[in-house]
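# Coordinates in review
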Amino acid sequence: MSRLNLVSRLARPCLRVSSARLIPSGQTVHARFFSTAKRLLTSLPDTHIFRAIRDHDPSSLAVLHSLSGRSFTYGNLTADVLRAKEDLEQKVGKMKGNLSGERVAFMAENSYDYVVLLLAIFGCDAIALPLSPSFPTGELQYILDNSEAKVLLATEKYADKAQGVLQAGLQHDPLFDIRRKLVVGASGSEAVPLEKPKGSSELPAGGMMLYTSGTTNRPKGVFIPESALTAQATSLLKAWEYSPQDRLLHLLPLHHIHGVVNAIITPLFAGSSIEFMYPFNTDRVWNRLAAPFHPHTEPNSPEKSKITFLTAVPTVYNRLRSSFPKLPQEIQQAAQKGISPENLRLNISGSAALPTPTKAAWQTLSKGNVLLERFGMTEVGMALSCGLDFADRVDGSVGWPLPQVEARLVDTETNQVIPLGEETDANGRERVGEIQLRGPTIFREYFGNEKATRESFVDGGDGGAHWFCTGDVATRRVVQGAGKGTSGDWARGPMYFIQGRKSVDIIKTGGEKVSALEVERELLSLPQISEAAVVGLPSEQWGSKVAAVVVLHPDAHTTGRNGKAWGPMDMRRALNDRLAGYKIPQEMKVLDAIPRNAMGKVNKKALVKQVFDV
Ligand code: AMP
């Protein structure tokens, strides 16, 4: 099939108008009126997200872009989504038929355009597949082929990149459309009718597809149907109480569950405002957090509104913390106000383990704000979370199963389910088990990979749904003063403590099991260490041995014995009274930086190869 390169003819440069609404230059008011009226004859599907968006106050802010100052209301959003959806259906309809259940890949910057495209694809009852523009061409080709995407959309910024991907030759050839400026604001205040999704069953066929990071095999396409996205969002709404008063500062990549579900879809459900500020830059973030409390900020500046909601990965909090001392005094003072519990109502950390020193430093800096840690993954959205009550944000814990999520621990030794109340063995040792999950928030399948899907679920033998095996292991513990239900009924009983991934973070050494995350936590609490990754290395004597890759604080280069650089012996001595001997790393390598992906995660298999050459 020939490749099509459709450049939207509606596309024109947009004019900024004072109300922050955009209209295409050259379009007359009459033309606009008639085209809007005509468009409203068609409609968006009657799904939860569109119902929620339609019911928000159309004049309230939906999306802002910090740098350009562009802002868009829920009214703008509804109208623009409708228009983009029709535009897409029209082009595709003529050439390729209905989009229901088809993968529509798109490459867009972190902006209003991304949100419009995402919703327009949902509006077509299609499966939105956000692509990371930072991925190499080969990776993007693999994803397009593997997902059998029917359409590839790109904003102008990524047109060349998208074209490059297509030119390199794909087995599967999607329709290609550059959205030069897809954002064309209509009045947006009219009610938009919602229609039942098309298709033989009445259930929507659409949803989202995200690719796993593929540390062990090639990345897998995780299909999250519309019903699971809705369940994930409603679960978070209940636990974290997003509201129309919330302004969320968005610092995350948008090809990942965290950035999309927690920081776009759920806020849209709630009618919150999303302010994009990507790529992450410490000074810009500090200035933004400080702005509402800084005397030089213009009274009518959009930055006068305080940020109330921040969701990020541990490395973001870490980098903010280490850049803070370099800020000018008056920004420091204003920023501290900005992140204090009275103003920043919720600060969340997740996607990787939150080191206790990072959490403690943030609490000091913010004069009492406690980071809320949660655990999630692409296949399940968010699964476990600490609670809104500060007493329910316990160091090292990821809390309880979120609303609608059913969780269990399956003993990694005996393969038996660990019943509630039997968290320790006969010797009083905590039992370690794999986290297994089920419920409406769980993904449906790895696309086109029935074997992987089958292998990742187990039958619970109770006639209920099968359990998804996360591959993460944890212990459970009752914590004094926490889990009393003050954060909601879901946040009761013993709390979960993540030990790491079964495949890489549980190191079997001399018959003992060591959690890499536990050792990392202790290493990070030493003043000489700023980053740590603990791995297992093959050992003839022990089966595996514990090794550490660390980044030292600049002054640690002279704080070892006899004024030498701090080294493995110093590390072992420092950990002696903190960890059992078998848990203390036998080797330590120092790097300038530990390689991490966009979400701050370390690929430990690659790290071992790179650093230890095994
Ligand atoms: P992804 O699917 O890329 O979001 O990665 C999910 C994985 O990140 C999980 O399987 C965990 O191994 C890890 N992860 C997510 N949240 C946490 C957390 N709070 N603590 C430790 N590991 C986490």
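See the structure above.
First things first, this report covers the structure right here in the doc. On a predicted model such as this, the values are computed, not experimentally measured, just so you know. (Residues numbered from 1 in each chain as written. Predicted model: local features only at pLDDT ≥ 70, side-chain atom pairs only at ≥ 80, totals over all residues. Heavy atoms only, no water.)

Below, the discussion takes up the packing of helix α5 (residues 137-147) against helix α6 (residues 159-167). Their axes nearest at 9 Å, the elements α5 and α6 cross at an angle of 70°. In terms of their interaxial angle, α5 and α6 are classed as roughly perpendicular. Here α5 and α6 pass one another in a crossing that is right-handed. Contact residues: Thr-137, Leu-140, Gln-141 and Leu-144 in α5; Lys-161, Gly-164 and Val-165 in α6. (Axes fitted to C-alpha atoms, helices over the stretch in contact; angles between N-to-C directions. Helix = DSSP H or I, 4+ residues; strand = E, 2+ residues; numbered from the N terminus. Parallel < 35°, antiparallel > 145°, perpendicular 65-115°, else oblique. Left-handed = near helix turned anticlockwise from the far one by under 90°. Contact = heavy atoms within 4.5 Å.)

Core analysis: the biggest nonpolar cluster contains 97 residues, and Leu-77, Leu-118, Leu-119, Trp-240 and Ile-265 have the highest contact counts within it. Here this core gets ten residues from one element, more than from any other, and that element is helix α4 (residues 112-123). Counting contributing residues per domain, this core is built from domain 1 (3-205) and domain 2 (226-501), each supplying no fewer than three. Residue contacts for Ile-265: discarding those within four places in its chain leaves Ile-49, Leu-118, Phe-122, Leu-229, Ala-233 and Val-260. Leu-252, Tyr-317, Ala-334 and Ile-339 belong to the second largest nonpolar core, which has 28 residues in total. (Core = buried A, V, L, I, M, F, W, Y, C linked by side-chain atoms within 4.5 Å. Buried < 20%, exposed > 50% of the residue type's maximum accessible area, 1.4 Å probe, protein only. Domains from an automatic or database assignment.)

In the vicinity of the ligand, 15 residues are found, and the nearest of them are Glu-373, Arg-374, Thr-378, Asp-472 and Lys-601. Within the backbone of Ser-351, a nitrogen or oxygen atom sits 3.3 Å from a nitrogen atom of the ligand. Between the ligand and Thr-378 there is a distance of 2.6 Å, counted from an oxygen atom to a side-chain nitrogen or oxygen. Protein contact buries 89% of the 500 Å² of open area that the ligand shows by itself. For the shell around the ligand, the elements supplying multiple residues, two or more each, are β18 (372-377) and β26 (495-501). Per-element tally for the shell around the ligand: the top contributor is β18, with five residues. Residue composition of the shell around the ligand, by class: six nonpolar, four polar and five charged. (Near = heavy atom within 4 Å. Polar contact = N/O pair within 3.5 Å; in protein donor to acceptor, adjacent residues only side chain to side chain. Areas by Shrake-Rupley, 256 points an atom, 1.4 Å probe, with all protein chains shown as cover. Nonpolar A, V, L, I, M, F, W, Y, C, P; charged D, E, K, R; others polar.)

Note: strands within a sheet are paired through backbone hydrogen bonds, in either parallel or antiparallel orientation. One open sheet holds the nine strands; their spatial order is β6-β5-β15-β14-β16-β17-β18-β19-β20, and the pairing between them is mixed. The open sheet has two free edges, formed respectively by β6 (71-73) and β20 (400-401), since each of these has just one partner strand. In the packing of helix α8 (residues 257-270) onto the sheet, contacts are made with β14 (247-250), β15 (273-276), β16 (309-312), β17 (346-350), β18 and β19 (381-385), and the angle to β14 comes to roughly 160°. (Pairing = 2+ DSSP bridges.)

Time to look at the environment of Pro-494. Following the sequence through the fold, Pro-494 ends up in the loop between β25 (467-477) and β26. With relative accessibility at 16%, the residue Pro-494 sits in the buried group. Sequence separation between Pro-494 and Val-479 is 15 residues, and the spatial gap between their C-alpha atoms is 6.7 Å. Once you skip the residues sitting within four places of it in the chain, Pro-494 turns out to touch Trp-400, Leu-420, Glu-423, Arg-476, Arg-477 and Val-478.

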